[in-house]
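Summary of structural features
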Amino acid sequence: SKPMDQFSHGLPASAMTDSFSKGAVTSLRTDPGSAAYPFFGRLRKDDYDNVVKALMGDPRQDPILIPSVLTDEKLPAVATDYQTASSLLLRVCNACSLLMQQRQLVKNAPAFVASAAQHALTFALPMPDLDKSRCFWRKGEMRRET
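Residues numbered from 1 in each chain as written. Predicted model: local features only at pLDDT ≥ 70, side-chain atom pairs only at ≥ 80, totals over all residues. Heavy atoms only, no water.

**Looking at the pattern of salt bridges**
Under the criterion given, the structure shown has three salt bridges. Linking Asp129 and Arg134 is a salt bridge whose minimum nitrogen-to-oxygen distance equals 3.2 Å. By relative accessible area, Asp129 is classed as partly exposed at 25%. In this structure, Arg134 engages Asp131 in a salt bridge whose closest nitrogen and oxygen atoms are separated by 3.4 Å. Given the relative accessible area of 62%, Arg134 is considered exposed. Look at the salt bridges and you will find they share partners, linking Asp129, Asp131 and Arg134 into a network. (Salt bridge = Lys/Arg side-chain N within 4 Å of Asp/Glu carboxyl O. Buried < 20%, exposed > 50% of the residue type's maximum accessible area, 1.4 Å probe, protein only.)

Right, here's the structure in full:
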C-alpha cells in the first residue's frame, strides 16, 4: 500500500474544488460539511468505558505471597555446634528457595538471597580455629545425619 496524500484520500474530485483545498483561506468561516473527516469514524469510540473493559479482559486474582523469614530470634547469632550450624543452613536454604520462587513478586529477591547466604557463611558459621578447645569444627565428631 502506498502512503496517503492529497490525491489518494478517497474523496471525490468535486471535494477538491473549494477554496480551502486550493490553499486560499479568506476567513475562518467554512462551508457547510467541511469539518467532515472521512477516516475519523474508525478512531472514534462512542462507548469508551465498555470498549476499555473489553480490551482489559477479566480481572486476574492477586498472587499469593508467602513471607519468607530470613531473621529468627530463636537461633543464636553464631553456631556453636554441628546441630545449630546445620539447622541454620537449612533455614537459610529454605528461605532463599522460597524467595527465588517468588522473585516476580518480591523486589530485589536475588539481592536478599545473596545477602542471606553471605551472612550465613561469613558471620553465623565461625571460621575453623587451630585450638581444639575453641573450634567446634574440630571439637567433636560430626554425626552421619548432619
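**Considerations on the side chain of Gln102**
By the element assignment, Gln102 lies in the loop between helix H2 (82–101) and helix H3 (109–124). Polar side-chain contacts of Gln102 include one of 3.0 Å to the backbone oxygen of Ile66. Those residues within four positions of Gln102 in sequence are excluded, and the remaining contacts are Leu65 and Ile66. (Helix = DSSP H or I, 4+ residues; strand = E, 2+ residues; numbered from the N terminus. Polar contact = N/O pair within 3.5 Å; in protein donor to acceptor, adjacent residues only side chain to side chain. Contact = heavy atoms within 4.5 Å.)

**Focus on the nonpolar core**
The tendency in soluble globular proteins is for nonpolar side chains to be buried as a group. Residues Val92, Cys96, Leu99, Val106, Ala109, Val113, Ala116 and Ala120 constitute the largest nonpolar core, which totals eight residues. Breaking this core down by element, the ones donating at least two residues are H2 and H3. The element contributing the most residues to this core is H3, with four residues. In this view, Ala109 contacts Leu99, Met100 and Arg103; residues no more than four positions away in its chain are not counted. In this structure, Tyr82, Ala85, Leu88 and Phe136 belong to the second largest nonpolar core, which totals seven residues. (Core = buried A, V, L, I, M, F, W, Y, C linked by side-chain atoms within 4.5 Å.)

**A word on the side chain of Thr84**
You can see Thr84 is positioned in helix H2. Among the residues examined, Thr84 registers a relative accessible area of 17% and is labelled buried. At 2.4 Å, the side chain of Thr84 forms a polar contact with the side chain of Asp81. Excluding residues that lie within four positions of it along the chain, Thr84 makes contacts with Pro76 and Ala79.

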